[in-house]
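# Per-entry structural report
Each chain, letter by letter, is given below.
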Amino acid sequence: EVPAACRWWSTQRTWQVSSSHTGGGVIARLEQSVARRVARDAVALALPSATAALITALRAAGIRPGSVVGVPALDWTASTAMAAILGIRTRALPVSPDTGLLDTARLGGSTELTEGLSAAIAVHLHGLTCDVPALRRAHPDLLIIEDAAQAWAARYPDGTAVGSAGHACAFS
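The rules behind these values
Residues numbered from 1 in each chain as written. Predicted model: local features only at pLDDT ≥ 70, side-chain atom pairs only at ≥ 80, totals over all residues. Heavy atoms only, no water. Pairing = 2+ DSSP bridges. Helix = DSSP H or I, 4+ residues; strand = E, 2+ residues; numbered from the N terminus. Axes fitted to C-alpha atoms, helices over the stretch in contact; angles between N-to-C directions. Buried < 20%, exposed > 50% of the residue type's maximum accessible area, 1.4 Å probe, protein only. Lys, Arg positive; Asp, Glu negative; His and termini not counted. Salt bridge = Lys/Arg side-chain N within 4 Å of Asp/Glu carboxyl O. Polar contact = N/O pair within 3.5 Å; in protein donor to acceptor, adjacent residues only side chain to side chain. Contact = heavy atoms within 4.5 Å.

Here the focus is the sheet that holds strand E4 (residues 89-93). Pairing is parallel across the open sheet formed by five strands, whose spatial order is E4-E3-E5-E6-E7. One side of each edge strand has no neighbouring strand; the edge strands of this open sheet are E4 and strand E7 (168-171). Each strand of the sheet is rotated relative to its neighbour by a mean of 25°, with strand direction disregarded.

Here you go:
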């Protein structure tokens, strides 16, 4: 369960986000609306950026400095920023040349590519969905964080909302 106020301290930065600090009722209603859209039992937190959302998800999951997190070889700077802030290392994972998304066919058949990972970030781009359900089936013990940077209204082929298949999701 995610608390209404989420705080993370490091030696260099302090993030503090809560409904009372970011707009009160309006933000609380936004969080409730997003949670309902993703899944019945989802919890949503409004944060200042996708980077803050990725950091919060990884910290809440217990990812610690020195951990290795898989990121798409084609990605935005949020993954690099969150790695630097958290003191984690990233490993580039293969992307499909057709979509630019994680190549879940290659990842699904390979434990070599995911060996040693504490988590993987699956990015949805241009309204296209990374096949997170297939990734979860292939690697059930791997923590998957969805980054729905450019796929807010996208749905998986089975009709479920983007953000519902991973362990957590960042919308921006």
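Moving on from the coordinates now.
What follows covers the side chain of Glu146. Summarising the element assignment, Glu146 is placed in strand E6 (residues 143-148). The buried charged residue Glu146 lacks any salt bridge, with Arg136 as its nearest oppositely charged partner at 6.9 Å. At a separation of 2.6 Å, a polar atom in the side chain of Glu146 contacts the main-chain amide nitrogen of Gly166. Not counting the four nearest positions on each side in its chain, Glu146 is found in contact with Ala122, His124, Val132, Tyr156, Val162, Gly163, Ser164, Ala165, Gly166, Ala168, Cys169 and Ala170.

Time to look at the environment of Leu117. With respect to the helices and strands, Leu117 occurs in the loop between helix H4 (104-108) and strand E5 (119-123). Separated by 28 residues in sequence, Leu117 and Arg89 have C-alpha atoms that sit 9.7 Å apart.

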